[in-house]
Amino acid sequence: MINIAKIREDFPILNRKVNGKPLIYFDNAATSQTPQRVIDEIVNYYSNYNANIHRGVHTLSQEATDLYEAARLKIQKHFNAKHSYEVILTSGTTHGINLVANGFSTLLHKGDEVLVSALEHHSNIVPWQMLCERTGATLKVIPMNEHGELIMSTYEELLSEQTKLVFVNHISNALGTINPIKQMIDMAHKVGAAILIDGAQSCPHIKPDVQELDVDFYVTSAHKMCGPTGVGMLYGKEEWLNKLPPYQGGGEMIDQVTFAKTTYAGLPHKFEAGTPNICGGIAFGAAVDYMNAIGFDAIASYEHKLLNYATKQLLKIDGLKIYGTAKEKTSVISFNIEGIHPYDIGTILDKMGIAVRTGHHCAQPIMDFFKIPGTVRASFAFYNTKEEIDALVKGVETAKMMLS
Ligand code: C6P
């Protein structure tokens, strides 16, 4: 059971006021808030350990290296990767996807097909379009239905011997749909295709087990799960990471450099060129510890209650339509009110101290599917409350009155 009052004490930002009102933060899918434990880790690093890593013989450098590598081990354990070197620390989900897409430049050819789901964030569309332009491979789309669920029978039809790669998010950022990724992974493997799962939105709610999933690549960002911005993880199966060429060249990713030829370092360093976000990596480890101490089962069950309550209360508002009504759904509610632009609702809510996201949520194809310019999106985290949802509902009613 979650002790919500105690948890809220961990997040200093929840005490601030916005426009003279207590902050109600419902933009968790854009970025989550940061607990004191993670803030302390950042302050501690810059106060006591700041040094470059994997380079110095001096004590500070060795201590910073130990902390950074300890964080990698925490992340490995959290996602249950078989080896720590299968965990590549990146700048975030976008970086991880681009790294894999770039690597496949040498592995794809004209005639090959790659499948993307209709539910993707631009990060999991554009790099693959760029890959297809480079290689002559064809991008095909797994469609969705009116509820925002992928149509699995069409997915099955689209899979063939030509399919080399599938990419799909674990949870849609715009609609909250939880995709049946285990089934999708198994189906991709049956035709010999590799599959990448974008876990940007799942990691705050679910603890994925990459070995049990048997996934080839899994990517996420620390800032979605109580960590800092500018750091994230790419998990890749060892055999796949070995097949991919390095993404960026520079310091730390090499074995030997001469002007005639360079040989590369082993995993994970082959993919970690340059000075990484050292403090960010260490704080990512602290965020993983923090969330595990609360427990993902407790988080998921509490957030599910918030989702059900908010859905029920919001639907009482005349003219309000929710986009994304999948059976399997997480705590994201995208909605519009007939005749009112989402941006106007978001602006009025902000005056009441309520932070929501408005617009296309970097998922324009989803908005095109529903023939709308965008939605208001309220996304809940385990530190939100029922009382905050009541305030949101009241705020939306007021906005509706002002704008109708
Ligand atoms: N979605 C949102 O408001 P980065 O920016 O690399 O940390 O994450 C990109 C990304 C990739 N995939 C999914 C499913 C995402 O939701 C996001 C980020 C935020 O929905 C910011 S656009």
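S.K.: Just checking my understanding: could you explain the pattern of salt bridges for this structure?
M.R.: Pairing is possible between side chains that carry opposite charge, provided their charged atoms lie close to one another. This model, assessed by the stated rule, comprises 12 salt bridges. Here aspartate 112 and lysine 164 are joined by a salt bridge, their closest N and O atoms 4.0 Å apart. On the criterion of sequence distance, the pair formed by aspartate 112 in the loop between α4 (93-103) and β5 (113-117) and lysine 164 in strand β7 (residues 163-169) is long-range, its members being 52 residues apart. Lysine 164 gets classed as partly exposed once you look at its relative accessible area, which sits at 28%.

S.K.: Just checking my understanding: could you explain the nonpolar core for this structure?
M.R.: Grouped burial of nonpolar side chains is what soluble globular proteins tend to show. If you look at the biggest cluster of nonpolar residues, it comprises 103 residues, and the most contacted ones within it are Tyr155, Tyr218 and Phe382. A total of 11 residues in this core trace back to one element, the largest contributor, which is helix α10 (residues 278-294). Sequence-distant contacts of tyrosine 155, defined by excluding residues within four places in its chain, comprise Leu115, Ile142, Val166, Met184, Met187, Ala188 and Ile195. Of all hydrophobic cores here, the second largest spans 26 residues; its members include Ala101, Ile125, Ala137 and Val219.

S.K.: Explain the packing of helix α12 (residues 342-351) against helix α14 (residues 386-403) here, please?
M.R.: A pair of packed helices is captured by two measures, namely the crossing angle of their axes and the spacing between those axes. Between α12 and α14, the least distance of the axes is 9 Å, while the angle of their chain directions is 120 degrees. On the basis of the axis angle, α12 is oblique to α14. Pair α12 / α14 crosses with right-handed handedness. Judged by residue contacts, Asp344, Ile345, Ile348 and Leu349 of α12 engage Leu392, Gly395, Val396, Ala399, Met402 and Leu403 from α14. Split by residue class, the contact of α12 with α14 holds 8 nonpolar, 1 polar and 1 charged.

S.K.: Hey, could you run me through the site of the ligand in this one?
M.R.: Close contacts around the ligand come from 16 residues, with Thr94, Asp198, Gln201, Ser221 and Arg357 the closest. Here a nitrogen atom of the ligand sits 3.4 Å away from a polar atom, N or O, in the side chain of histidine 121. Relative to its unbound accessible area of 510 Å², the ligand is 86% covered by the protein chains. Residue classes in the shell around the ligand are distributed as 4 nonpolar, 8 polar and 4 charged. When we break the shell around the ligand down by domain, the ones giving at least three residues each are domain 1 (4-27 + 295-403) and domain 2 (49-292).

S.K.: Looking at this structure, I do not really get the sheet that holds β7. What am I missing?
M.R.: Consider a sheet: its strands pair through backbone hydrogen bonds, and that pairing is either parallel or antiparallel. In space, the 7 strands of this open sheet follow the order β4-β10-β9-β8-β7-β5-β6, with mixed pairing throughout. Both edges of this open sheet fall to β4 (87-90) and β6 (138-142), since each of them pairs with a single strand only. Across the sheet, the mean angle separating the axes of adjacent strands is 20 degrees when strand polarity is ignored. Relative to strand β10 (residues 232-236), strand β9 (residues 217-221) runs antiparallel, the two being bridged by 5 bridges. What sits directly across from threonine 220, in β10, is methionine 233. Against the sheet, helix α7 (residues 181-190) touches β6, β7 and β8 (194-198), its axis set at about 160 degrees to β8.

The rules behind the values
Residues numbered from 1 in each chain as written. Predicted model: local features only at pLDDT ≥ 70, side-chain atom pairs only at ≥ 80, totals over all residues. Heavy atoms only, no water. Salt bridge = Lys/Arg side-chain N within 4 Å of Asp/Glu carboxyl O. Helix = DSSP H or I, 4+ residues; strand = E, 2+ residues; numbered from the N terminus. Buried < 20%, exposed > 50% of the residue type's maximum accessible area, 1.4 Å probe, protein only. Core = buried A, V, L, I, M, F, W, Y, C linked by side-chain atoms within 4.5 Å. Contact = heavy atoms within 4.5 Å. Axes fitted to C-alpha atoms, helices over the stretch in contact; angles between N-to-C directions. Parallel < 35°, antiparallel > 145°, perpendicular 65-115°, else oblique. Left-handed = near helix turned anticlockwise from the far one by under 90°. Nonpolar A, V, L, I, M, F, W, Y, C, P; charged D, E, K, R; others polar. Near = heavy atom within 4 Å. Polar contact = N/O pair within 3.5 Å; in protein donor to acceptor, adjacent residues only side chain to side chain. Areas by Shrake-Rupley, 256 points an atom, 1.4 Å probe, with all protein chains shown as cover. Domains from an automatic or database assignment. Pairing = 2+ DSSP bridges.

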